[in-house]
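A look at the structure
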Amino acid sequence: MVTFKELKNDLPAGIVVFLVAVPLCLGIAMASGAPLFSGIIAGFVGGIVVTLISGSQLGVSGPAAGLAVIVLHAIEGLGSFEVFLSAVVLAGVMQLVLGFLKAGSIGYYFPSSVIKGMLSGIGVIIILKQIPHAFGYDESYEGSLHFLEPSGETTFSLIFNSLRYISPAAVIISALSLAILIFWDTVLSKKGKIFQIIQGPLVVVVLGIVLNLVFLNAFPEMALRANHLVELPVAMSVGGFFQQFTAPDFSRILTYEVLMLAGTLAVVASLETLLCLEATDKLDPQKRISPANRELKAQGVGNIVSGLIGGLPVTQVIVRSSANIQSGGRTKLSALIHGVLILASVIAIPGLLNLIPLASLAAILFVVGYKLAKPACSKPCTVVA
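Residues numbered from 1 in each chain as written. Predicted model: local features only at pLDDT ≥ 70, side-chain atom pairs only at ≥ 80, totals over all residues. Heavy atoms only, no water.

In this model, K102 sits at a positive phi of 60°, which is unusual for a non-glycine residue. Along the polypeptide, K102 turns up in the loop between α4 (81-100) and α5 (112-135). Residue K102 is classed as exposed on the basis of its relative accessible area of 56%. At K287, a position not held by glycine, the phi torsion is positive, near 55°. Within the secondary structure, K287 is located in the loop between α11 (256-283) and α12 (292-309). (Helix = DSSP H or I, 4+ residues; strand = E, 2+ residues; numbered from the N terminus. Buried < 20%, exposed > 50% of the residue type's maximum accessible area, 1.4 Å probe, protein only.)

Structure representation (structure tokens):
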């Protein structure tokens with residue numbers, strides 16, 4: 001059940017997750033070879049539909065980078081995005097069945113060392129992936145967590161190439177943003193409630209927009225170009241907005257290719273969700289345990305809805321879930337707020353969101369990645385030579 005008792009913490013956390021989620025949704029859609037708006041659909045379906053059904057208090061659902069390769073090959077193999085959507089709907093039905101069969105219990109058998117290793121690894125990957133964006137080299141968009149980029153480059157070659165295309169404006173924005181985030185987290189957050197209500201990531205996003213507008217007017221040669229900013233699809237009318245939704249084609253739903261794809265999506269999405277669910281519970285400061293079978297049911301309903309209106313498959317995702325926790329989220333209201341904001345923003349203010357520099361978001365994700373990857377011991381650490 002959604003409550004408003006922690007609104008002062010959940011509202012700023014939801015806004016932060018929303019700001020992180022928008023470019024991730026777009027980037028995963030791009031990496032999947034799907035329409036960009038399909039990533040946005042999966043984002044608000046995961047944030048609203050899945051959250052309302054889920055029993056996880058801090059988990060955030062949406063399109064997952066881990067499914068991007070499967071989706072890319074599936075769309076190419078089927079030759080139709082609409083047919084692919086029918087497989088997403090069918091995968092959701094399968095997940096729903098798995099939930100009622102209580103298959104979620106498999107998640108309880110993941111060793112804690114695997115969870116901690118996964119979190120640390122994802123933290124390092126997040127940091128590496130954001131370095132090019134901090135320098136202003138945005139050849140590869142947000143979203144991919146794979147070593148091999150869609151452009152053919154690797155994570156490390158992308159970092160080295162970014163050193164040849166450094167944008168002074170991006171470096172200034174990312175450096176100032178990172179400094180503010182560290183100072184906010186270590187000093188200001190302990191100085192008063194106002195600094196706990198107004199979160200550092202919100203400040204750096206506003207700062208990034210303002211600084212780039214200053215560059216645009218005072219030093220136009222330094223201003224960030226469109227590919228250095230968030231790129232949301234902008235509908236010119238109400239009719240144009242609804243035309244971005246796509247209905248599935250069920251004419252081939254009983255063919256071998258669609259059935260196999262649906263089964264693959266259901267299994268991979270369920271395993272990814274259960275692993276993320278366990279990891280999120282371990283990050284939860286209150287150590288709450290989320291019901292795994294209920295989560296499978298929630299994800300199943302989410303994928304049915306997402307597939308029916310043209311969205312990518314959804315899972316619970318660790319990057320947004322960890323950002324939610326690190327930003328002070330306390331209940332599922334923060335995830336719901338993030339989903340509502342995604343939907344509201346693409347309707348009302350897509351142009352404003354397109355002013356957000358990726359360098360600002362890179363700084364936010366640097367901090368998220370560091371908090372996931374940093375070594376920590378419940379007891380004094382012993383160094384073994």
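From this point on, the discussion continues.
Following the sequence through the fold, I127 ends up in helix α5. Residues I127 and V368 lie 241 residues apart in sequence; the distance between their C-alpha atoms is 8.4 Å.

Among all positions of helix α6 (residues 155-162), only T155, L158, I159, N161 and S162 are buried. Down the axis, α6 shows its buried residues gathered within 165° of arc, on one side only. (Arc of directions from axis to C-beta.)

Another point: the environment of K5. Mapped onto the elements, K5 comes out in the segment before α1 (7-31). You can call K5 exposed: its relative accessible area is 69%. Each C-alpha atom of the pair K5 and R330 lies 9.5 Å from the other, and the pair is 325 residues apart in sequence.

Turning to α12, a few remarks are in order. With 18 residues, α12 should reach 26 Å at 1.5 Å per residue; the first-to-last C-alpha distance of 26 Å fits that figure. Those residues of α12 lying buried are A292, E295, L296, A298, Q299, G300, G302, N303, I304, S306 and G307. Close packing links the buried residues of α12 with α2 (36-53), β1 (61-63), α4, α11 and β2 (314-316). Backbone geometry just after α12 places G310 at a positive phi near 100°. (Expected span 1.5 Å × (residues − 1). Contact = heavy atoms within 4.5 Å.)

With that settled, consider the nonpolar core. If you look at soluble globular proteins, the nonpolar side chains tend to sit buried side by side. Ranked by size, the top nonpolar core spans 45 residues in total, and within it I40, V230, L232, I356 and L361 carry the most contacts. Of all the elements in the fold, those that place two or more residues in this core are α1, α2, α5, α9 (200-218), α11, α13 (318-326), α14 (333-348) and α16 (358-373). It is α1 that contributes the most residues to this core, 9 residues altogether. The residues contacting L232, other than those within four sequence positions of it, are V22, L26, I40, V346, P350, L353 and N354. Ranked by size, the runner-up nonpolar core spans 30 residues in total, among them I28, L67, L85 and A298. (Core = buried A, V, L, I, M, F, W, Y, C linked by side-chain atoms within 4.5 Å.)

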